[in-house]
Amino acid sequence: MIRFIPELIITSGREVIVQHAPAGEEACCILLLFPHLSQVYVDAIEEDQGGLLIMARSRAEYAICHRCATSADRRHSRYRRRLHDLPVSGQPILVELEVRRFFCDNPDCDVRTFAEQVPTLTQRYARRTPLLRAALEAIALALAGRAGARLASVLGLAAGRSTLIRLIHALPDPEIGRLTAVGVDDFALRRGNSYGIVLIDMGTHRPIDLLLDRQADTLADWLRAHPDVEVICRDRASAYAEGAVKGAPQARQCADRWHLWHNLIQAVERSVSRHRSCLSDPQTDVPEQPEQPEQPEQASTMQNTARQGSTRFADRTRAKHARIHELKAAGHSLRAIARQLGMTHRTVIRYAHAASPEELLWGQWTNKPSVVDDFKPYLNQRWQEGERNATRLLKEITALGYRGSYGALSNYLRPLRAPRPVASPAPSVRKITGWLATHPDRLEEAHQFQLKNVLDRCPELTALLKHVRSFAIMLTQRRGHDLPGWLTAVKAEDLPALHAFANGLERDLDAVTAGLTLPWSSGPVEGHVNRIKMLKRQMFGRASFPLLRKRVLLTT
């Protein structure tokens, strides 16, 4: 039976309340709070510097030597050891443990005396309990130095940023185990300057190592240390291909399907750019027609229509005028109408006194004399004669006595100008490339019609579409055995950009065929590359490569 103090300690804030409890109940309560203290006797619990101090001693009758694993029961001495523990209710806990030293009676052991260790409570040279250390390690792996120290302080765990970083460095690397397939990709240590390699176990989708550079020899050395690798998933980088051949010649290289599709789309965009002249429809390029002069009466009607406002402002004005006169006819006062409609009293008076809404519109200016009125017959005559330049007309009427502005003349001439037909803009190269790379069932009807018009004018793009869709079928259905036939068909067409893509596939034919056949892909690798970017931002670029490597390998 575990022996505990005869008084139950209950903490409330910073106060310590002592209550007497029946025998046995205090043991259950303390075990609920401190289950890791089941291997010790708790002699007393005291308040100590804003926290709790637990006085305890070991229950074991013997101890195990840490060097030879021999049990010993002959005591040498004893001393007191202090350990920080997880806080309870926000209060720090300090365990003062009475530790005994034992003689090691094994003559073959070079240790004369050793200190006993209490399972789940102590470790050699440790000043924290395993529970507290595990909590700090979890915080350090998740948030690293400064942010982790701030969170630990809020939770009542005293640890600085340097302590948290030391805890990360002290953690052992995870076991790699037997590898069957690995994924390889690069990540930026300093973007545009230096890069490293991340390696992923494709079976478990977890990172297994980070390398400091992306040279072929570095990858080859790592692969030689792991001879069990059978499949290497990689992108199209030549350094990875060379490193895989040097370090693991027995492994089958597998090119990533996303990178294959990405490289194909780049070649398609270059091909479409070479046929840019085929994108615009010649039927939409309407030649400029000579403008027919308008009759003065028709021009006057167009001006009145434009100025009397078929605009939203004119529509709102007419609606307000009708509503105000309706309420006025119903017997409402003008002030009551203003309150009801949320308008000022002066505005309601102005609407109420207007017999028609046209009196309130700017179109009433057409009834006012204009500085252009005296020169309209001359302007109409010159317009019918074919003169369209407003600047020359301004000079002519100024010589005749016109004193107005260029704007007044331009406003009079604007309705006379017939709108020119505007050709619809041709689709861009990138838009055509997107249509070519989209599944036909997911293409909108309008885009299908535009794409059909472009293909009807350019047989080369029609052939390009056929090769893109056949490659997409080969990619999605993993029909790598169709690749040689596809390469032959591509080389028979006049598509230089696609020829360059096909030549690149032939240089890496085995890896590309495997990528189009096997189920492996570099998707998990790309996901870990994104996670590495997040960890780098979290550490603000000040952390070293070893610390980044530990966090990548030990966090999930």
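Residues numbered from 1 in each chain as written. Predicted model: local features only at pLDDT ≥ 70, side-chain atom pairs only at ≥ 80, totals over all residues. Heavy atoms only, no water.

Colleague: Tell me about the sheet that holds strand 13 (residues 231-234), and name the residues and values.
Modeller: The strand order across the open sheet built from 5 strands is 12-11-10-13-14, with neighbouring strands paired in mixed fashion. With one partner strand each, in any of the chains shown, strand 12 (206-211) and strand 14 (252-255) form the two edges of the open sheet. Each strand of the sheet is rotated relative to its neighbour by a mean of 30°, with strand direction disregarded. Two elements, strand 11 (residues 194-201) and strand 12, share 5 bridges in a ladder whose sense is antiparallel. By the bridge assignment for strand 12, V198 is matched with L210. (Pairing = 2+ DSSP bridges. Helix = DSSP H or I, 4+ residues; strand = E, 2+ residues; numbered from the N terminus. Axes fitted to C-alpha atoms, helices over the stretch in contact; angles between N-to-C directions.)

Colleague: Break down the state of the cysteines for me, citing the residues and quoting the values.
Modeller: Taken as a whole and assessed by the stated rule, the structure comprises 0 disulfides. Counting only cysteine sulfurs, C68 is the nearest neighbor of C104, a cysteine outside any disulfide, at a range of 3.6 Å. There is no disulfide at C109, and the cysteine sulfur nearest it, in C68, is 3.8 Å away. (Disulfide = S-S within 2.5 Å.)

Colleague: With reference to specific residues and values, describe the environment of H353.
Modeller: One can find H353 in helix 11 (residues 345-353). Of the residues examined, H353 reaches a relative accessible area of 62% and is grouped as exposed. In sequence terms H353 and H325 are 28 residues apart; their C-alpha atoms lie 9.4 Å from each other. (Buried < 20%, exposed > 50% of the residue type's maximum accessible area, 1.4 Å probe, protein only.)

Colleague: Describe unusual backbone geometry, and please don't skip the residues or the numbers.
Modeller: In this structure, T120 is a non-glycine residue whose phi angle is positive, near 65°. On the secondary structure map, T120 appears in the loop between strand 9 (113-115) and helix 2 (130-143). T120 gets classed as partly exposed once you look at its relative accessible area, which sits at 47%. Of note, the phi angle at Y125 is positive, near 65°, even though the residue is not glycine. Counting through the fold element by element, Y125 comes out in the loop between strand 9 and helix 2.

Any functional reading would require information beyond the geometric quantities listed.
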